[in-house]
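What the coordinates show
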Amino acid sequence: MSVDVQPWQQVPDGPTPKRDVKREERESSRGAWYPRWYWPSFAAPATIWLLVLFVLPFYVVVSVAFGTVDPIFQSPLPVYEPWYWSYYNARRVLGRIIGSHAYLEPVFARTFVYVIFAGLICLVLGYAVAYYVARYGGKRKTLLLVLLLSPFWVSYLMRMFAWVNLLQTDGYVNKVLSFLHLGSGHVNWLSGKPITVILGLVYGYIPYMILPLYAFLDRIDQRLIEAGRDLGASPAQTFRRVTLPLSRPAILAGCIIVALPMFGDYYTNNLLSGSPHTTMIGNLLDDSIESTGQGPQAAVLVLVLMVILMIPMIYYLRSTARSVGER
Amino acid sequence: MSEIGVAGAPAERATDRPSVASVGRRRGRDPWRRPRALEFVTWGYILWSLLPVGIAVLMSFSGGRSISTWQGFSFRWWWKDSQSLFHDAALHHALFQSLLLSVVTVAIAVPLGVMFAIGLDRYRGRGSGTANFLMLFSFVLPEIIVGIAMFLVITYLLKFVLLGTTAQILGLVTYQISYPVIIVRARLLSIGREYEEAAMDLGASPNQSVRRVLLPMLWPAIFVSAALVFADTIDDFVTVRYLSGAASSEPLSVKIYNAARGSPTPAVNAAASFLLFSSLIVIALGTLLYRRATRGQRSAMSEFAAQM
């Protein structure tokens, strides 16, 4: 029987008489045997896609924001060279947001108020639900989890439109309220009521709050809670001094996850109110991009919104990257 | 922290428990009772979150023009009426546009995302951090920002791409590409590199090790992300609306959005229900394939919950 070189004995680069130990070590630490370009080439197509269709678009947004406007057609003329940028549009739009002629200022203030209220309701209600399912779900945990996840399978549009059905003046909400003798039963919920918009936002985004809270509460070491109880704390004290402090990162993450899309939301408002009395930043953006001559305003508002959201976004990205690194 | 307490807890509990319970009884309440209030809140929340959608689906089978009052069972708004979902030419056309956009987006975004996830998980050199950051950034930005940026780049810089189906697909892929990346990377982290290295030890080439060892282990995650991208795309109306250009390239979701702001008929409910059913079917299919591929290693639900 001849002694062939078995596949596992082959050195991929062919037999090398002199071993380059340093190089072998370096390569094995990088994931041995693969050519240097091998793994980067997997990431290349999507990276190029993102550079052309994600980074470049933002450069165009900046160029439109700091560009000029065609005097006749009122269409934006983007300026791609930073040294020719005009800050006229930016100054004009910022003057509408802050300052003595700031007629857009109420819109920004309103957006913050709505997002804070809606976020708080999401947090309190979401925490209660997540806590119950994580700690007391028991045998029904899988069922409860499926029910909590099911709103994700229903489109946001459908979920809002469902409320358009229910909140009509002759709809079932008014019918139930008048049956219970609460109110007149003729409330026009869809005519610009802040409460409708805030509850709409809560309804739309609360699943995104519950999921990270649940995932976190479910992982809390049960022994810590038992220890708290064994050392004489009441259930309320254990919750306040053990569970709640432990879940602070999840609370922060959940709040950011629901707040980011709420800041860009215009459809909830348009479907459930449509009144200028409940306009949010998202509506400003949507209205400016839809109407001619407002292109630069839309671009400036995009930049303003990104500046507002920068800190929560970076916090969230960093904490996500860290948790991926830990695993 | 209280390490002693933690270590001693299980042993102490057995003896402590009756005494704590008796203390509780003296105060007139059982500390081990189930929290009725929380239970009530949870089931109330679940009812609140699902009942409106159920009613909206039922309403699509109503016989009258009203979207707020039930007027007898009928298929009028599905196919009997001339303005019904399957008879109204515009709705009919929009339905095919929806399916077209979703299928093409899945076909582009999922392979791109899976490759990106593999590349980024195995390569940690120059540029990988930036690429990763870009990907996550596209995930957390509000959709309206991505939509407006795409609209501006296509109207002013990449003018050779016309607004319409092509532009919509470019926008959708950009917005959706991060889903497969996140899901597949989570799976890759749990697999590790050992299998490919073993395959290479046994003589496989780099391509063989990826195609015949790594890819089969990734199929479950790929199915799940394809289902998610499909369901999310078919419902999308923010990016797609800005990039549609003309009414003829508006998918069903945009038609629903426009109609819901006017004076909707139950045909809108039927259209929304149709989208709901089609994404449910695709998700069920994805879950089924997932189950089959993992053969019950972990439930799809817990995997999904862990990744959100």
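Everything numeric here is computed off the predicted structure, so don't read it as measured data.

Below, the discussion takes up the interface of chain A and chain B. With 90 residues of chain A at the interface, the matching set in chain B holds 87 residues. In terms of residue class, the side of chain A that touches chain B is built from 69 nonpolar, 14 polar and seven charged.

Residues and elements named next belong to chain B. Given a rise of 1.5 Å per residue, 24 residues ought to cover 34 Å, and the 34 Å separating the end C-alpha atoms of helix α2 (residues 36-59) matches this to within 8%. The sharpest bend along α2 reaches about 30° and sits at Leu-50, with the proline Pro-52 one to four residues further on. For α2, the complete set of buried residues consists of Thr-42, Ser-49, Pro-52, Val-53, Ala-56 and Met-59.

Another point: the confidence of the model for chain B. Residue and element names in this part refer to chain B. Of the residues in chain B, 85% reach a pLDDT of 70 or more, and the chain-wide mean stands at 82. Across chain B, helix α7 (residues 165-176) holds the top mean pLDDT of 94, while helix α1 (residues 3-27) sits lowest at 43. Below pLDDT 50 for its whole length, residues 1-26 participates in 23 contacts with residues either more than four positions away or in separate chains. Both scores are available for the predicted complex, with the pTM at 0.83 and the ipTM at 0.84.

As a packed pair, helix α4 (residues 105-136) of chain A and α2(B) sit with axes 9 Å apart at the nearest point and diverge in direction by 110°. Our classification of the angle between α4(A) and α2(B) gives roughly perpendicular. Facing α4(A), whose interface residues are A:Leu125, A:Ala128, A:Val129, A:Tyr131, A:Tyr132 and A:Val133, α2(B) presents B:Leu38, B:Glu39, B:Val41, B:Thr42 and B:Tyr45. Looking at side-chain class alone, the contact of α4(A) with α2(B) contains nine nonpolar, one polar and one charged residues.

Moving on to the packing of helix α8 (residues 178-191) of chain B against helix α10 (residues 206-235) of chain B. Residues and elements named next belong to chain B. Where α8 contacts α10, the two axes come as close as 9 Å, and the packing angle between them is 160°. When the axis of α8 is compared with that of α10, the two are roughly antiparallel. Crossing of α8 over α10 shows right-handed handedness. For the pair α8 and α10, the contacting residues are Tyr-179, Pro-180, Ile-183, Val-184, Arg-187 and Ile-191 in the first and Met-217, Leu-218, Ala-221, Ile-222, Val-224, Ser-225, Leu-228 and Val-229 in the second.

Right, let's get into the confidence of the model for chain A. All names here are of chain A. For chain A, mean pLDDT is 84; residues scoring 70 or higher make up 88% of the total. Within chain A, the lowest mean pLDDT, 51, falls on helix α1 (residues 21-30), and the highest, 94, falls on α4. Counting contacts from residues 1-17, a segment whose pLDDT is below 50, to residues more than four positions away or on other chains yields nine contacts.

Cut-offs and rules
Residues numbered from 1 in each chain as written. Chains lettered and ligands numbered in written order. Predicted model: local features only at pLDDT ≥ 70, side-chain atom pairs only at ≥ 80, totals over all residues. Contact = placed C-beta atoms within 7 Å. Nonpolar A, V, L, I, M, F, W, Y, C, P; charged D, E, K, R; others polar. Helix = DSSP H or I, 4+ residues; strand = E, 2+ residues; numbered from the N terminus. Expected span 1.5 Å × (residues − 1). Bend = angle between axes of the 7 residues up to and from the residue. Buried ≥ 20, exposed ≤ 12 C-beta atoms within 10 Å, placed from the backbone. pLDDT = per-residue confidence, 0-100. Axes fitted to C-alpha atoms, helices over the stretch in contact; angles between N-to-C directions. Parallel < 35°, antiparallel > 145°, perpendicular 65-115°, else oblique. Left-handed = near helix turned anticlockwise from the far one by under 90°.

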